[in-house]
Amino acid sequence: MAKLQLLETFSLQETEDGYRLLVSAVGGDNIYVSITPDQMDDIIESLEAAMGGEDDEGVEEDEAF
């Protein structure tokens, strides 16, 4: 199993085939990953679920308080 490291930075670039993600850990370890558009959709859905879903759907904002 890979050693768990703290995230320092990440960078996402769009490519012809999808995306390239650079993740840097505290201490200097880096990893580049190629991501397909379908995988990016899965990542976005997972992050939305982790953050409690999309709160803005079907909800109207109050104009005045």
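Residues numbered from 1 in each chain as written. Predicted model: local features only at pLDDT ≥ 70, side-chain atom pairs only at ≥ 80, totals over all residues. Heavy atoms only, no water.

1. A few points about the overall build of the protein chain
Tallying secondary structure elements over the protein chain gives one helix and three strands in all. What you see in the protein chain, going N to C, is helices and strands ordered as β-β-β-α. Within the protein chain, the proportion of its 65 residues that are buried is 9%. A separation of at least 24 residues holds for 4% of the contacts in the protein chain among residues at least 6 apart in sequence. With an accessible surface of roughly 6,200 Å², the protein chain has 52% of that area assigned to carbon and sulfur atoms. (Helix = DSSP H or I, 4+ residues; strand = E, 2+ residues; numbered from the N terminus. Buried < 20%, exposed > 50% of the residue type's maximum accessible area, 1.4 Å probe, protein only. Contact = heavy atoms within 4.5 Å. Areas by Shrake-Rupley, 256 points an atom, 1.4 Å probe, with all protein chains shown as cover.)

2. Comments concerning the sheet that holds strand β1 (residues 7-15)
In space, the three strands of this open sheet follow the order β1-β2-β3, with antiparallel pairing throughout. Only two strands of the sheet have a single neighbouring strand rather than two, namely β1 and β3 (30-35). When strand polarity is set aside, the average angle formed by the axes of neighbouring strands in this sheet is 15°. In the sheet, β1 pairs with strand β2 (residues 18-25) via eight bridges, with the strands oriented antiparallel. Residue glutamate 14 lies in a different strand from β2, and its bridge partner there is tyrosine 19. (Pairing = 2+ DSSP bridges. Axes fitted to C-alpha atoms, helices over the stretch in contact; angles between N-to-C directions.)

3. Things to note about the environment of tyrosine 19
Among the structural elements, tyrosine 19 can be located in strand β2. In this structure, the C-alpha to C-alpha distance between tyrosine 19 and proline 37, residues 18 residues apart in sequence, is 7.3 Å. Residues within four places of tyrosine 19 in sequence aside, it is in contact with Leu12, Gln13, Glu14, Val33, Ser34, Ile35, Thr36, Pro37 and Met40.

4. A word on the pairing of β3
Of the strand pairs in this sheet, β2 and β3 are connected by six bridges, and their pairing is antiparallel. Of the residues in β3, the one forming a bridge with valine 23 is isoleucine 31.

5. Points about the side chain of serine 24
Structurally, the position occupied by serine 24 is in strand β2. A polar side-chain atom of serine 24 sits 2.8 Å from a polar atom in the side chain of asparagine 30. Apart from residues lying up to four places away in sequence, serine 24 is in contact with Leu6, Leu7, Glu8, Thr9, Asp29 and Asn30. (Polar contact = N/O pair within 3.5 Å; in protein donor to acceptor, adjacent residues only side chain to side chain.)

6. Remarks on the environment of isoleucine 31
Among the structural elements, isoleucine 31 can be located in strand β3. When the C-alpha positions of isoleucine 31 and leucine 21 are compared, they lie 8.1 Å apart, and in sequence the two are ten residues distant. Apart from the residues lying within four places of it in its own chain, the contact partners of isoleucine 31 are Leu21, Leu22 and Val23.

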